[in-house]
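Each chain, letter by letter, is given below.
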Amino acid sequence: MNNDILKGKWQQIKGEAKVQWGKLTDDDLDQIEGNAEKLAGKLQERYGYAKDRAHQEIDSWTRRYEPVQR
């Protein structure tokens, strides 16, 4: 997902991020502010993921929020 789209939808989807990654705190989610790099950093910190793994998790999760193209 484009980082701009993630930022734009962050307020709508951050609760779902909390469900997906339960170790993220509300403060973490507020600090992330829809920034994919910050989210990746928090996933690395909380889950011990490698950078590539964190980005794979984010890409997989955000695909469901991309607009459907016809």
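Attention here is on the structure that accompanies the text.

The rules behind the values
- Note that residues are indexed from 1 along each chain, following the sequence as it is written.
- Since the coordinates come from a predicted model, pLDDT governs what is reported: local features require at least 70, and pairs of side-chain atoms require 80 or more to be given and counted, while whole-chain, interface and lining totals use all residues.
- By convention in this description, side-chain values take in all heavy atoms of the structure and omit both hydrogens and water.
- Residues grouped as a nonpolar core are buried Ala, Val, Leu, Ile, Met, Phe, Trp, Tyr and Cys residues, joined through side-chain atoms within 4.5 Å.
- When a residue's accessible area, from a 1.4 Å probe over protein chains only, is under 20% of the maximum for its type it is buried; when over 50% it is exposed; and in between it is partly exposed.
- Helical segments are the DSSP runs of H or I of at least four residues, strand segments are the runs of E of at least two, and each set is numbered from the N terminus.
- Two residues form a contact once any of their heavy atoms are found within 4.5 Å.
- Orientation is described by lines fitted to C-alpha atoms, with helices fitted over the stretch in contact, and by angles between N-to-C directions that extend from 0 to 180 degrees.
- For classification purposes, angles smaller than 35 degrees are called roughly parallel, those larger than 145 roughly antiparallel, those between 65 and 115 roughly perpendicular, and all remaining angles oblique.
- In this scheme the crossing of two helices becomes right-handed for a clockwise turn of the near helix relative to the far one and left-handed for an anticlockwise turn of less than a right angle.
- All residues other than Ala, Val, Leu, Ile, Met, Phe, Trp, Tyr, Cys, Pro, Asp, Glu, Lys and Arg, Gly among them, are scored as polar; the first ten of these are nonpolar and the last four charged.

Quick word on the nonpolar core
Here is step 1 of the chain: With 17 residues, the main nonpolar core has W10, W21, L24, L39, L43 and W61 as its most contacted residues.
Here is step 2 of the chain: Those elements that place two or more of their residues in this core are α1 (3–20), α2 (26–32), α3 (36–47) and α4 (51–62).
Here is step 3 of the chain: Discounting residues that sit within four places of it in the chain, L24 has contacts with K18, L29, I32, L39, K42, L43 and R46.

Comments concerning the environment of H55
Here is step 1 of the chain: Secondary-structure assignment places H55 in helix α4.
Here is step 2 of the chain: Taking C-alpha positions, H55 is 6.0 Å from A40, a pair spaced 15 residues apart along the chain.
Here is step 3 of the chain: With sequence-adjacent residues up to four places away left out, H55 is seen in contact with E37 and A40.

Notes on the packing of α3 against α4
Here is step 1 of the chain: It is at 9 Å that the axes of α3 and α4 come closest, and there the two elements cross at 120°. Taken together, the axes of α3 and α4 are oblique relative to one another. The way α3 lies across α4 gives a crossing that is right-handed. Residue-level contacts link A36, E37, L39, A40, L43 and Q44 of α3 to K51, A54, H55, E57 and I58 of α4.
Here is step 2 of the chain: Across the contact of α3 with α4, the residue classes break down as six nonpolar, two polar and three charged.

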